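# An overview of the molecular structure
Residue-level listing of the chains:
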Amino acid sequence: MMSVQPIASRGRGIAVGISACLLGSPVRHDGGHKHSRYCTEVLGRYFQFYSLCPEMGAGMSAPRQAMRLVEIDGQIRLRATRGEKDFTALMHGFIGQELEHLEHLRGFVLMAKSPSCGMERIRVYRADGEVARRDASGLFAAALAGRFPLMPLEEEGRLNDDGLRENFVERVFVYDDWCRLREGGLTAEGLLAFHRRHKFQLLAHCQSTYRRVGPLLSDLKRQPLPVIAEQYITQVMPALARRVSRGSHVNTMLHLTGFLREALSAEDRRLIHQQIEAYQRGEVPLVVPMTMLRGAQSKVEQPYLATQEYLRPYPDALGLRNRL
């Protein structure tokens, strides 16, 4: 069986899994690939990609028979599109063996429409060949999400959407921060510091979750710390998966501006508010008011804002806020 393989990046990078065909490996059923230049040439500068093809890993060859999901007696099977050859046991065997080796990953980029890697909208057929539904996940993708429910997952095609792309990358960096906190030894101080770093990101994504987790962390002695930490992160990561509206970004930036009120001149404050309003009207991208906020923060003594990941959630060179 072919296990997950590390692929060299331009730097050390964050460990992220990826369907092997997206790196240009000829592993698809027709012997081809679906090379994503965005993944290899842009994200590859910051992610250490780990390549995996569930079908090849299960022992299949390339080229091979095309496959699809078929529901038989209430169970989802992986079968050849022609004939009745069944690959379900092979795939489940690979999944059972491989998932335990993926705990180090901080995210996964999956191939859309695949009966093994597709995240959503995968067709399920009846035994007579007719489509029964179109709401399934590929067998590997479903198992990956079930085993690592907090890990950011995304399909390569959805990375063409500016908002989804930015959201996925942001979550990978947050999840990496969380995993490093756990691996370094969970402490009350570390948990509170993590929350402080990501507080305004959470506010932007989901105000209701932001309001809930504050009280959760207000008394860390009422339950064992690992229990509180689990309750916390299982609320935070799904909240961060929500797309941030323009209005939510405006609200969050105004909150941040409030911390600078006393230190900035009236003219500086006016210019920042002017660009926030221009962003709200859709006249400038998010990077414009955000750059002004960052510039203002760098000019004044405001240690709290200096720690906020909302201002710098990922490397600027990715340019993700240039298109929001």
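Right above here is the structure, for reference.
## A word on the overall build of the protein chain
Secondary structure assignment for the protein chain yields 12 helices and 9 strands. The C-alpha extent of the protein chain, read off along each of the three principal axes, is 75 × 50 × 40 Å. In the protein chain, the share of contacts with a sequence separation of at least 24, taken over all contacts with a separation of at least 6, comes to 67%. In the form shown here, the protein chain has an accessible surface area of approximately 15,300 Å², with 48% of it arising from carbon and sulfur atoms. Placing the 44 positive and 35 negative side-chain charges of the protein chain at their respective mean positions leaves the two points 2 Å apart.

## Some details on the sheet that holds strand β7 (residues 122-125)
One open sheet accounts for 4 strands, arranged β5-β4-β7-β8; its pairing is mixed. Across the chains shown, the open sheet's two edge strands, defined by having one partner strand only, are β5 (75-80) and β8 (131-136). Between one strand axis and the next, the sheet turns by 40 degrees as a mean value, whatever way the strands run. The pairing of strand β4 (residues 67-72) with β5 spans 6 bridges and is classified as antiparallel. From the neighbouring strand, Met67 faces β5, where its bridge partner is Ala80.

## Quick notes on the side chain of Arg106
For Arg106, the position within the fold is in the loop between α3 (88-98) and β6 (108-110). A distance of 2.9 Å separates a polar atom in the side chain of Arg106 from a polar atom in the side chain of Asp176. Among the polar contacts made by the side chain of Arg106, one reaches the side chain of Glu183 at a distance of 3.2 Å. Those residues within four positions of Arg106 in sequence are excluded, and the remaining contacts are Ile14, Ala15, Met151, Pro152, Val172, Tyr175, Asp176, Cys179, Arg180 and Glu183.

## Thoughts on empty space enclosed by the protein
To find leftover empty space, one rolls a probe the size of a water molecule over the atoms. Taken as a whole and assessed by the stated rule, the structure comprises 2 cavities of 30 Å³ or more. Estimated volume of the largest cavity: approximately 40 Å³. Taken together, His195, His198, Lys199, Gln201, Leu202, Tyr232, Val236 and Leu240 make up the lining of the largest cavity. For the lining of the largest cavity, the secondary-structure elements that each account for two or more residues are α6 (188-205) and α8 (225-240). Classifying every residue of the lining of the largest cavity gives 4 nonpolar, 3 polar and 1 charged. The computed volume of the second largest cavity comes to approximately 30 Å³.

## Some remarks on the packing of helix α9 (residues 246-259) against helix α11 (residues 287-299)
It is at 11 Å that the axes of α9 and α11 come closest, and there the two elements cross at 15 degrees. Relative to α11, the element α9 lies roughly parallel. Note that α9 runs across α11; the crossing there is left-handed. In this structure, α9 uses Met253, Leu256 and Thr257 to contact α11, whose residues at the interface are Pro289, Met290 and Leu293. Of the residues that constitute the contact of α9 with α11, the class distribution is 5 nonpolar, 1 polar and no charged.

## Topic: a positive patch on the surface
On the surface, Lys34, Lys113, Arg123 and Arg134 cluster together into a patch of positive charge. Structurally, Lys34 is set in the loop between β2 (14-19) and α1 (37-42). A residue is classified by how much of its surface remains accessible, and Lys34, at 42% relative accessible area, is partly exposed.

## Describing the layout of surface pockets
Taken as a whole, the largest pocket spans an internal volume of roughly 610 Å³. In terms of lining residues, the largest pocket is bounded by 31 residues, among which Arg28, Ala112, Lys113, Ser114 and Pro115 are the most central. By residue class, the composition of the lining of the largest pocket is 15 nonpolar, 6 polar and 10 charged. Here the second largest pocket is characterised by a volume of approximately 340 Å³. With 5 residues, the single largest contributor to the lining of the second largest pocket is helix α5 (residues 162-183). The residue inventory of the lining of the second largest pocket, partitioned by class, reads 9 nonpolar, no polar and 6 charged.

## Brief notes about the nonpolar core
If you look at the biggest cluster of nonpolar residues, it comprises 78 residues, and the most contacted ones within it are Phe47, Phe140 and Tyr232. The residues contacting Tyr232, other than those within four sequence positions of it, are Trp178, Leu191, Phe194, His195, Val213, Leu216 and Leu217. Ranked by size, the runner-up nonpolar core spans 21 residues in total, among them Leu203, Leu260, Met290 and Val300.

Rules behind the numbers
Residues numbered from 1 in each chain as written. Predicted model: local features only at pLDDT ≥ 70, side-chain atom pairs only at ≥ 80, totals over all residues. Heavy atoms only, no water. Helix = DSSP H or I, 4+ residues; strand = E, 2+ residues; numbered from the N terminus. Contact = heavy atoms within 4.5 Å. Areas by Shrake-Rupley, 256 points an atom, 1.4 Å probe, with all protein chains shown as cover. Lys, Arg positive; Asp, Glu negative; His and termini not counted. Charge placed at Lys NZ, Arg CZ, Asp CG, Glu CD. Pairing = 2+ DSSP bridges. Axes fitted to C-alpha atoms, helices over the stretch in contact; angles between N-to-C directions. Polar contact = N/O pair within 3.5 Å; in protein donor to acceptor, adjacent residues only side chain to side chain. 1 Å grid on protein atoms, 1.4 Å probe; cavity = no way out; pocket = protein on both sides within 12 Å on 5 of 7 lines; lining within 4 Å. Points joined across faces, edges and corners; volume = space filled by probe spheres on them. Nonpolar A, V, L, I, M, F, W, Y, C, P; charged D, E, K, R; others polar. Parallel < 35°, antiparallel > 145°, perpendicular 65-115°, else oblique. Left-handed = near helix turned anticlockwise from the far one by under 90°. Patch = residues over 30% accessible without salt bridge, like charges linked within 9 Å, V, L, I, M, F, W, Y side chains within 5 Å. Salt bridge = Lys/Arg side-chain N within 4 Å of Asp/Glu carboxyl O. Buried < 20%, exposed > 50% of the residue type's maximum accessible area, 1.4 Å probe, protein only. Core = buried A, V, L, I, M, F, W, Y, C linked by side-chain atoms within 4.5 Å.

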